[in-house]
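Inside the fold
One letter stands for each residue in the lines below.
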Amino acid sequence: MLPFILKRLGLALLVAFTVSFISFSLLFLSGDPAAALAGETASGEDIEAIRTLYGFDRPMMVQYGEWLFSAVRGDFGESYYFKLPVASLITDRLQVTMLLGLCGITFALLTAVPLGVAAAIRPNSMIDRLALFLSVAGQALPSFWFGLILIVLFSIKFQILPPSGAESWRHFVMPTIVLGYYAMPAIMRLTRAGMLDVLNSDYIRTARAKGAGEGRVLFKHALRNAIIPVVSLAAVQMGFMLGGSIVVESVFALHGAGYLAWESIARNDLPTVQALILIFSMFYITFTFLADVLNAWLDPRMRSA
Amino acid sequence: MTEDTLLEVRNLTLDIPAGGGTLHAVRGIDFDLKRGETLSIVGESGSGKSLTSLALMGLLGNSIKRSADVMRFDDIDLLTASRKTMRSLRGNRMAMIFQEPMTSLNPAYTIGDQLMEALLLHRRVGRAKARERAVELLEKVGITSAGSRLGQYPHQLSGGLRQRVMIAMALMCEPDLLIADEPTTALDVTIQAQILRLLVELTREMNMAMILITHDLGVVARVADKVAVMYAGELVETGPARPVFARPSHPYTRGLLRCIPQPGKTARGADLGTIPGIVPSLIGDVTGCAFRTRCAHAQPTCRKQIPVRGEVPHQFRCVHADGAISAERETA
Ligand SMILES: Nc1ncnc2c1ncn2[C@@H]1O[C@H](COP(=O)(O)OP(=O)(O)O)[C@@H](O)[C@H]1O
Ligand SMILES: [Mg+2]
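Heads up: these notes are all about the structure in this document. This is a predicted model, so every value here is computed, not measured. (Residues numbered from 1 in each chain as written. Chains lettered and ligands numbered in written order. Predicted model: local features only at pLDDT ≥ 70, side-chain atom pairs only at ≥ 80, totals over all residues. Heavy atoms only, no water.)

**As for the overall build of chain B**
The secondary structure content of chain B amounts to 11 helices and 13 strands. A compact globule built from 332 residues would reach a C-alpha radius of gyration of about 20 Å, and chain B, at 21 Å, matches this within 12%. Here the analysis covers contacts within chain B between residues at least 6 apart in sequence; of these, 65% occur between residues at least 24 apart. In the form shown here, chain B has an accessible surface area of approximately 15,300 Å², with 49% of it arising from carbon and sulfur atoms. Across chain B, the mean location of the 40 positive side-chain charges is 2 Å away from that of the 35 negative side-chain charges. (Helix = DSSP H or I, 4+ residues; strand = E, 2+ residues; numbered from the N terminus. Rg over C-alpha atoms; globule rule 2.2 N^0.38 Å. Contact = heavy atoms within 4.5 Å. Areas by Shrake-Rupley, 256 points an atom, 1.4 Å probe, with all protein chains shown as cover. Lys, Arg positive; Asp, Glu negative; His and termini not counted. Charge placed at Lys NZ, Arg CZ, Asp CG, Glu CD.)

Have a look at this one:
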């Protein structure tokens, strides 16, 4: 198991390096950064002055090395728009987004996996139909619309949950449901399909032939094998939720990193965009790495891969 | 029915709902088995052998309808036994090994865990004791360095080794009855003989009854006490192995026997017989002899009720009083 982990870790670092280079080069791909900084009315001299001031005139690899070295220590430069250190700008918002993402994926897993298992035990039963209905509805319902419905119901009509902000756990209930519900259908259907497949396999028949009870057959013998693809999917979705929670963050006025990313792109605030891309990518790489390790623990055949 | 009868089955019938009606997969079969005896069920694939064994184990899917006049294991009525009773029998007093060693072990658990499971489920023993027993059985089935094998996973073993593990697993609780459903079909020819020899030795040593399912009559001749020839869900001929092989009475049994090479008699490269034709569909009403569509001696009366002929214990079902053996000699 240890050689596997080390190998995957090395791979993850390699990917991280590549991603960091790409996110750095964004600065140059999006045009002349000095001109962008100087603004539309600036003269050629102003632009040149800014170019030397920010060091854009030096070789790209030197700039990349410098940027990466600072980034590793948590220094992402200064935001063009807020004129504040990017790091301080990001920290709070990242916490909100992380918390929301973790709650969202947990909610999704805790509802989708049991539902998927129940649906697979009795295909075409009431519970299977309910699960199918929920998953179709989950895919058809746009997040912003679902979020608004919840606000109308729970904040306006029943007045039990606050419609916006991030001050207490109660502020996170509705965003969690909306974000989690978005990830649920895929997880549920993958669990159901996996369980159906595994429950028909020869080794499940062997377990029954040994006299194992239904609970043992389902949870010890079947679920462990059926859940493997779900782990990988959950990691991808978790990464996706961090970057893609903009809609949810906007609807509930949660000032998170997703919202910040969207704003910064609109304002051409490159240092902030770079930092966010780098951080989101690192999270994504970390989740994928953790999923690989978890899967290798679940399925010994993957350990040699 | 004598005292040492372990298993008694009368008129076992299995119906499966299918697209255009009901699939009569097993149609009223009878057999019984004494302690320590080996019964071999032979027949082409699709004749209902696996379903019969799953029915005994109580492992049929919910959609399959089972009925019988008698289905008794020792002093337990399998027809009325609760799920809990069946569970306490499986892996404990009756065990089964399957045709597909490559897929019959759980890929996520070690050989050791899977071996110990049945013992831990059915006996009040600790893990240390269970481990000891697992090592003992692995050695018994001829696996070297058994202790270190316990930590290995199924994908690290070859098919032959996996089937040995399956056998060891089935024997953990010293069952009274072992059902082996084509245990060697998926293995290399050289390994087939080893595995069979092992099964025979172990059943003798443990005084265990065995139902050995196979479509290889050559195997049966060497190991079985009794033979049941199954065709399209029916037993067409049953009896002690010796008379059945000496005087095969049903045309289908003789057809099967012609398909096996006989040492010293069959010339190298000589044509082995095959039975032309295919097994008829068992969906909807099935009347008369199911083999008539492939039988050289079929006649109009084969569509009617078929009498049981011969004397207990060697019996067969055929309209011909002698199973058409005289007719066959004439044409030969
Ligand atoms: N679960 C099932 N559903 C529908 N048909 C089945 C099922 N299991 C077996 N059958 C059918 O029942 C017949 C007997 O099958 P089986 O007992 O597996 O034969 P054998 O083991 O002799 O090859 C075959 O025609 C097979 O297609
Ligand atoms: Mg079979």
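Having seen it, we continue.
**A closer look at unusual backbone geometry**
In this model, Val312(B) is joined to Pro313(B) through a cis peptide bond whose omega is 5°. Summarising the element assignment, Pro313(B) is placed in the loop between strand S12 (308-311) and strand S13 (314-317). Positive phi is not limited to glycine here, since Asn268(A) has a value of about 60°. Structurally, Asn268(A) is set in the loop between helix H13 (257-266) and helix H14 (270-298). At Ala232(B), a position not held by glycine, the phi torsion is positive, near 50°. Here Ala232(B) shows up in the loop between strand S10 (226-231) and strand S11 (234-240). Given a relative accessible area of 0%, Ala232(B) falls into the buried group. (Buried < 20%, exposed > 50% of the residue type's maximum accessible area, 1.4 Å probe, protein only.)

**Some thoughts on the state of the cysteines**
All names here are of chain B. Using the criterion set out here, one finds 0 disulfides over all chains in the structure. Free of any disulfide, Cys-289 has its nearest neighbouring cysteine sulfur in Cys-302, separated by 5.9 Å. Given a relative accessible area of 14%, Cys-289 falls into the buried group. (Disulfide = S-S within 2.5 Å.)

**Thoughts on the site of ligand 1**
Residue and element names in this part refer to chain B. Residues in contact with ligand 1, as listed here, are Ile-16, Leu-23, Ala-25, Glu-44, Ser-45, Gly-46, Ser-47, Gly-48, Lys-49, Ser-50, Leu-51 and Ile-64. In this structure, Gly-46 approaches ligand 1 through a main-chain N or O atom, which is 2.7 Å from an oxygen atom. For ligand 1, whose accessible area on its own is 560 Å², the fraction buried by protein is 60%. Of all the secondary-structure elements, those providing two or more residues to the shell around ligand 1 are strand S2 (21-34) and helix H1 (49-57). Counting residues per element, the shell around ligand 1 draws most heavily on H1, at 3 residues. (Near = heavy atom within 4 Å. Polar contact = N/O pair within 3.5 Å; in protein donor to acceptor, adjacent residues only side chain to side chain.)

**Some details on a positive patch on the surface**
Together, Arg122(A), Arg83(B), Lys84(B) and Arg87(B) make up a region of like positive charge exposed at the surface. Take Arg87(B): it is sitting in helix H2 (residues 83-89). (Patch = residues over 30% accessible without salt bridge, like charges linked within 9 Å, V, L, I, M, F, W, Y side chains within 5 Å. Salt bridge = Lys/Arg side-chain N within 4 Å of Asp/Glu carboxyl O.)

**With respect to the side chain of Arg93(A)**
Residue and element names in this part refer to chain A. In this fold, Arg-93 is placed in helix H5 (residues 86-121). Residue Arg-93 is classed as buried on the basis of its relative accessible area, which comes to 18%. Every residue in contact with Arg-93, bar those within four places of it in the chain, is listed here: His-255, Gly-256, Ala-257, Leu-260 and Glu-263.

**Section: the pattern of salt bridges**
The tally for this structure, following the rule as stated, stands at 27 salt bridges over all chains. One salt bridge connects Arg208(A) with Glu214(A), and the closest N-O pair in it is separated by 2.9 Å. In this structure, Arg10(B) engages Glu8(B) in a salt bridge whose closest nitrogen and oxygen atoms are separated by 3.8 Å. Owing to a relative accessible area of 26%, Arg10(B) belongs among the partly exposed residues under this scheme. Residues joined in a network through salt bridges with shared partners are Glu8(B), Arg10(B), Asp32(B), Glu37(B), Arg72(B) and Lys226(B).

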